[in-house]
Structure formats: structure tokens, C-alpha cells
Amino acid sequence: MSDRIEGAWFRRSPAGAAILTVIALGFASWTGTGSELFAIQEVNVTGADELAPREVERLSGVQAGQNILRLSTDEVAARIAASPWVAGVRVSRSLPSTVKIELVERRPVGWLADPVGRVAVAADGVVLERLPSEPSDLPALGAWSAPLTAWD
């Protein structure tokens, strides 16, 4: 090792090295969060069958050009999870510019009649949607005396 490196200030002072590291990380963070390099360019949706990928993107609230480092994946997941079709959701970042959304959707297992019409129901009892007519591919589960509300 050269005398120049051995005699450097940060070699003699661990506190100095720590301060320089914090300054460098702060600068990198400040420049990275404002950089166009981290602008969202793609939203990748997997597991969507009942919901169209475009609908999942709309529910997410993610906008092209948004900074991916400032994106709260928990908030995005909560917005998507508000849909009755969504049993589970995982949102992650793929740097530099892609947001990944993985869904587990509920499936209709039957339908119920209520005073207003018919609704599709999932296995966990969640009302998925109002049906325009009696479906031939789902079993009738009975009647409900009060109007059931599907999420809009």
C-alpha cells in the first residue's frame, strides 16, 4: 500500500470515514430520487383473470413518469386490495423503472338472489358483482332477504 493511502485522513479517523459515507449516501439518494432514470415506465400485472390488467393499473393509482423510489408499495397494494375480486396482492419494484403487481383473485362459487336481482359470491362470502341474469355456469346458493352490495 502506498504511503499516500496509508496516511489518508479517513484511514486514521473512523468517524471521518463514517461522515464521508453518510454524505456520499445522502448525495446519491438526493440525485437518485430526482432522476429520470427512476421514472416508472412499465406496470407488470400477473395473476389477473377476472380483472383486466388495465383495470388493475387504474386501481393501483401508479402513473407513468412517477419516481419509483418514492412509490409506496403498501399504499398501492391497499388500493388494489379494495376490489372484491382481489384475495391477495403483492407489489414490488424492479429497478430502474418497472412496478410488479402479483394478484391472487377470488373466484365466484355461486350466486344469490336478493330483492334487487342476483349477485356472484366467492367462497369466503364476498359479493363480487351484480349479475344481469341467472348464470348457467354457477350454482344457485339461495336467497337473501336484504339487498347485497357489490363493490363499485
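This text gives an overview of the structure that appears in the document. (Residues numbered from 1 in each chain as written. Predicted model: local features only at pLDDT ≥ 70, side-chain atom pairs only at ≥ 80, totals over all residues. Heavy atoms only, no water.)

1. Some details on the overall build of the chain
And step 1. Across its full length, the chain holds five helices and seven strands.
And step 2. Sequence-ordered secondary structure for the chain, helices as α and strands as β, is α-α-α-β-α-α-β-β-β-β-β-β.
And step 3. Residue burial in the chain is summarised as follows: out of 152 residues, 34% are buried.
And step 4. The contacts in the chain between residues at least 6 apart in sequence include a share of 48% that link residues at least 24 apart.
And step 5. Within the structure as shown, the chain displays about 9600 Å² of accessible surface, and the carbon and sulfur contribution to it stands at 55%. (Helix = DSSP H or I, 4+ residues; strand = E, 2+ residues; numbered from the N terminus. Buried < 20%, exposed > 50% of the residue type's maximum accessible area, 1.4 Å probe, protein only. Contact = heavy atoms within 4.5 Å. Areas by Shrake-Rupley, 256 points an atom, 1.4 Å probe, with all protein chains shown as cover.)

2. Looking at the packing of helix α4 (residues 53–60) against helix α5 (residues 73–81)
And step 1. The contact between α4 and α5 brings their axes to 8 Å, and the two run at 120°. It follows from the interaxial angle that α4 and α5 lie oblique. For the pair α4 and α5, the sense of crossing is right-handed. In contact with V56, L59 and S60 of α4, α5 contributes V76, R79 and I80.
And step 2. Along the lines of polarity and charge, the residues of the contact of α4 with α5 split into four nonpolar, one polar and one charged. (Axes fitted to C-alpha atoms, helices over the stretch in contact; angles between N-to-C directions. Parallel < 35°, antiparallel > 145°, perpendicular 65-115°, else oblique. Left-handed = near helix turned anticlockwise from the far one by under 90°. Nonpolar A, V, L, I, M, F, W, Y, C, P; charged D, E, K, R; others polar.)

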